[in-house]
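Listed here are the chains, written in short residue letters.
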Amino acid sequence: MFFEINNTEWEDLGDGIKRKIVGHTEDLMAVHLEFAKGAIGHPHAHDIHDQIGYVVEGSFEAEVDGEKRVLKKGDAYIAAKLAVHGAVALEEGSILLDMFSPVRQDFLK
C-alpha cells in the first residue's frame, strides 16, 4: 500500500542503470530508474504497454518515434504501445519515473 524510497533496494540493471519498483496493480506500474551520465535506455517498443517517462531529477535526451527532445526535471515523454522510444542521461544521477499500463510482469520477481 505504501512505497518508502529509503526502504527499497535498487536493482542494478548494468550499463549505469538501476531501478526500484514504486508500486503496481494489475493495470498500472510505476518504476524509478536512475541513470549514470551517458547511460542509454536503448530505443525499443512495447507490444502491449503504454508508457509515460517523467523526469524526477537531472535531464535526458529522449526520443519518441524519431523525434528527439531534451527533457529536464518536471518534463515527460509519452510512448503509446508500439512507439519506438529511448533516452540518454545528460547528467549523473538522472532519474525517470516510468509508468506502465498494464503492469510489466517481466519486472516482477
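Our subject is the structure listed above.
Read on for an overview of the structure. What you see is a predicted model; the values in this text were computed from it and never measured.

Summed over the entire model, instances satisfying the criterion amount to 2 aromatic pairs. With a centroid separation of 5.0 Å and 85° between ring planes, the pair formed by Phe-35 and Phe-60 is classed as edge-to-face. Of this pair, Phe-35 sits in strand β3 (residues 29–35) while Phe-60 sits in strand β6 (residues 59–64), and the two are 25 residues apart along the sequence. Here Phe-35 matches Phe-60 in class, with each residue buried. Between Phe-100 and Phe-107, the aromatic rings sit 5.7 Å apart at their centres with planes inclined by 90°, giving edge-to-face as the arrangement. In this arrangement the basic side chain of Arg-19 is found over the ring face of Phe-107, its NZ or CZ atom lying 3.9 Å from the centre. The residue whose ring lies beneath Arg-104 is Phe-100, and the NZ or CZ to ring-centre distance is 5.1 Å.

Attention now moves to unusual backbone geometry. Going from Ser-101 to Pro-102, the amide bond is cis rather than trans, its omega being -5°. Secondary-structure assignment places Pro-102 in the segment after β10 (94–101). Although it is not a glycine, Asp-15 sits at a positive phi angle of roughly 55°. With respect to the secondary-structure elements, Asp-15 resides in the loop between β1 (11–14) and β2 (17–24). Here Leu-82, not a glycine, exhibits a phi torsion of approximately 75°, which is positive.

The computed volume of the largest pocket comes to approximately 410 Å³. Lining the largest pocket are 24 residues, and of these Ile-17, Leu-33, Gly-41, His-42 and His-44 lie nearest its centre. Secondary-structure elements contributing two or more residues to the lining of the largest pocket are β1, β2, β3, β4 (40–44), β9 (85–89) and β10. Looking at the lining of the largest pocket, the element that brings in the most residues is β4, giving 4 residues.

Definitions and cut-offs
- Residues numbered from 1 in each chain as written.
- Predicted model: local features only at pLDDT ≥ 70, side-chain atom pairs only at ≥ 80, totals over all residues.
- Heavy atoms only, no water.
- Phe/Tyr/Trp six-rings, centres within 6.5 Å; stacked < 30°, edge-to-face > 60°.
- Helix = DSSP H or I, 4+ residues; strand = E, 2+ residues; numbered from the N terminus.
- Buried < 20%, exposed > 50% of the residue type's maximum accessible area, 1.4 Å probe, protein only.
- Lys NZ or Arg CZ within 6 Å of the ring centre and 35° of its normal.
- 1 Å grid on protein atoms, 1.4 Å probe; cavity = no way out; pocket = protein on both sides within 12 Å on 5 of 7 lines; lining within 4 Å.
- Points joined across faces, edges and corners; volume = space filled by probe spheres on them.

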